[in-house]
Structure formats: structure tokens, C-alpha cells
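Reading the structure
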Amino acid sequence: MQREKVALTGLPTTVGVVGLGLIGGSLGLDLQALGCRVRGITHRQCTADRALERGLVHEVSTDPQALAGSELVILAMPLNRLLDPDAALISALPREAVVTDVGSVKGAVLATWRSLHPRFVASHPMAGTAEAGVEAGLRDLFRGRPWVVTPEAATDPQALAMVEALATAVGSHCLVTEADRHDQAVALISHVPVLVSAALLQAVGSERDPAVLALARQLASSGFADTTRVGGGNPQLGTAMAASNTAAVLRGLAAYRWSLEQLEETILEGNWDQLESVLRQTQSQRPDFL
């Protein structure tokens, strides 16, 4: 029965997952449900033990050599480790395996990995929650979400087909585009919002009147929580995104600054009709992004 499931999805029987946080752990659960044998690789033994307790994988190790025999390897590591991979991991990757990643920046990932493995395919599942770590993995995280693949001219077409099959099998809709275009789009809808959200938290937190600051903390509810969620996330991830996608992030911040200045000027002039017009426009635009 398990082999029949795998055959129907176009996935291999054995998959290695390097990193068992939110993305890697969720993939481990989904791939097992699809009939794959999942081997996990983690950095710490305590994470490996907990991953087994949670049933995220069939087997797990801190030694990358345990990837031997895997037909597909998914690099679900933090972005900084993905861009500066351990030599032991690189040497342990089976040369015949398809290798893909889940990083939120594709140009820098390709620059690092295109020469490290002959069957590497850059990809990015657009899914997540506010949780992180080995406790965060859950079933069906990717269902209904985009999974972007950014092949190059030299990308192995059979390897590309397997990564597309992976995305489809876990319920994502697969999008194929160029790495630069991906990075520009993701800067606008993911990386810049992290910094904008952080700036809002910084502005509120720097209020000099202690009574006002205390009251603001008491009054903050779902609207403020939604607006600042990503700015209160993993600092290392936010820094890595900005450092590896700098040009696109700066373009996005410049566009945001211009928009903010236009709003400020409208308010200074007391042009409330213009402000309402802008807010009506943004109200109509929002559904296109959800």
C-alpha cells in the first residue's frame, strides 16, 4: 500500500530531510503519510530524540552520512546555514539524489549550491506559522499554498519534475519562475513587511511617556498583533533575509518610504478626501494578495 501511494505521487521511496523545524518537520509528517520512508538529519541530539518522539520521521541522526541511499534530499535548514553549508553535509549528499531547499531567497542560494550538487533544484514553499523548532511541525501545512521553483538553464529536467511532484503531493500549487523575479516579489510581500513590522514595534516601544506606553500595551489587541507578528519573529532569519536579498529589500523599502511620505503629506494638508480615496484603493487591492 505504501509503495502504491508513492508511485501515484511520483515521489521516491526514500527522502532525507535536513532540519526538522517547522518546514522540515511538517514535510516529514506529510511525506510519511504519502508512503515515503523519511530520514531526518538534525544539528543536536536532543532535537533528534524529540523528532522521533513526535513521529516527524522514521529515523533520525546527527550524522549527514545517514542520508546515504536517499533519492530526494530536502534542505530545510536555517537560511544562514543554507548559504554557508557544512562541508560534511555536502560530501554526504548522494550524487544521484535530487536535492532541493526551502529557503526564502533564491538568487543567493543558487549562487551557493549550483556548483555543489549536479541535481540541485532551488525551491521555496510559501507556508508558515508563528511557531518554530522541533515542536512546530504539523500535517497539511503546505496545502493550498504556493511552492515556487526557480530552475536555471542547466537544471536537470528530471530533478525539476521530482521537486514539482513533491510540491503537488503535499497539496501546494507549484509556480515556476526566475530566481531574481522570485526574490523581488518575496521582498515586497515577506522581507519588507518584517522590517516594516519591526519599525512599528520600535516606534511604539520608544514612546517616552511611561503612562502612554503602559496604556498602549494594555490596549493592544488583534489588529496590532496581526500587524506586528512578523516583526516579532526570529531575528536571525530576518537579518539573513535582508543580508542575502539586499537589493530587492532596499527597493521595497524605498517604495514603502515613498508611500508613507505621501500619506504624511496628505494628513499634513488635511486632505481627508484624498486620504479616504487612498484607503479605498488599498481596501480594494488587499483581496488580490490573500
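For the structure, check the block above.
Report on the accompanying structure. Remember, predicted model here, so these are calculated numbers, not experimental data.

**What about the overall build of the protein chain?**
Secondary structure summary: the protein chain contains 13 helices and nine strands in total. When each of the 290 residues of the protein chain is scored for burial, the buried share is 40%. Partitioning the intrachain contacts of the protein chain with sequence separation of at least 6 by distance along the chain shows that 68% fall at a separation of at least 24. Approximately 15,700 Å² of the protein chain is accessible, and the part contributed by carbon and sulfur atoms is 54%. One way to put it: in the protein chain the 23 positive side-chain charges average out to a point 5 Å from where the 30 negative ones average out.

**So, the pairing of strand β8 (residues 146-149)**
Alternating residues of β8 divide into P146 and V148 and W147 and V149, and every residue in both groups is buried. Relative to β8, strand β7 (residues 123-125) runs antiparallel, the two sharing three bridges. Counterpart to P125 in the pairing with β8 is W147. When β8 meets strand β9 (residues 173-176), the two strands line up parallel, connected through four bridges. For W147, the partnering residue across the bridge sits in β9 and is C174. Handedness of the crossover joining β8 and β9 through helix α7 (residues 157-169): right-handed.

**Concerning the nonpolar core**
For soluble globular proteins, nonpolar side chains are generally found buried alongside one another. If you look at the biggest cluster of nonpolar residues, it comprises 37 residues, and the most contacted ones within it are L27, L31, I74 and W147. Counting only elements with at least two residues in this core, the list comes to β1 (14-18), α2 (22-33), β4 (72-75), β8 and α7. Considering every element that reaches this core, the biggest residue donor is α7, with eight residues. Among residues more than four places away in sequence, those in contact with L27 are I74, V102, F142, W147 and V170. Within the second largest apolar cluster, 23 residues are counted, among which are L82, L89, I90 and V194.

**Thoughts on the packing of aromatic side chains**
Within the structure shown, the criterion is met by two aromatic pairs. Aromatic side chains F142 and W147 sit 5.6 Å apart centroid to centroid with 50 degrees between the ring planes, which places their arrangement in the tilted category. With respect to burial, F142 and W147 carry one shared label: buried.

**Details of the sheet that holds β1**
Here six strands make up an open sheet; going across it, the order is β3-β2-β1-β4-β5-β6 and the pairing parallel. Edge positions in the sheet fall to β3 (59-61) and β6 (120-121), since each has one partner strand and no second. Here four bridges tie β4 to strand β5 (residues 98-101), and the two strands are oriented parallel to one another. Within the sheet, the bridge partner assigned to I74 lies in β5 and is T100.

**Topic: the pattern of salt bridges**
Per the counting criterion, the structure on display carries 12 salt bridges. Of the charged contacts in the structure, one is a salt bridge between E135 and R50, with a shortest N-O distance of 2.6 Å. Of this pair, E135 sits in the loop between β7 and β8 while R50 sits in helix α3 (residues 45-54), and the two are 85 residues apart along the sequence. We classify R50 as partly exposed; its relative accessible area is 28%. The partner of R143 in a salt bridge is D140, with the nearest N and O atoms 3.4 Å apart. Among the charged side chains, a salt-bridge network with shared partners connects D30, R139, D140 and R143.

How each quantity is defined
Residues numbered from 1 in each chain as written. Predicted model: local features only at pLDDT ≥ 70, side-chain atom pairs only at ≥ 80, totals over all residues. Heavy atoms only, no water. Helix = DSSP H or I, 4+ residues; strand = E, 2+ residues; numbered from the N terminus. Buried < 20%, exposed > 50% of the residue type's maximum accessible area, 1.4 Å probe, protein only. Contact = heavy atoms within 4.5 Å. Areas by Shrake-Rupley, 256 points an atom, 1.4 Å probe, with all protein chains shown as cover. Lys, Arg positive; Asp, Glu negative; His and termini not counted. Charge placed at Lys NZ, Arg CZ, Asp CG, Glu CD. Pairing = 2+ DSSP bridges. Right-handed = clockwise from strand over helix to strand, strands pointing away. Core = buried A, V, L, I, M, F, W, Y, C linked by side-chain atoms within 4.5 Å. Phe/Tyr/Trp six-rings, centres within 6.5 Å; stacked < 30°, edge-to-face > 60°. Salt bridge = Lys/Arg side-chain N within 4 Å of Asp/Glu carboxyl O.

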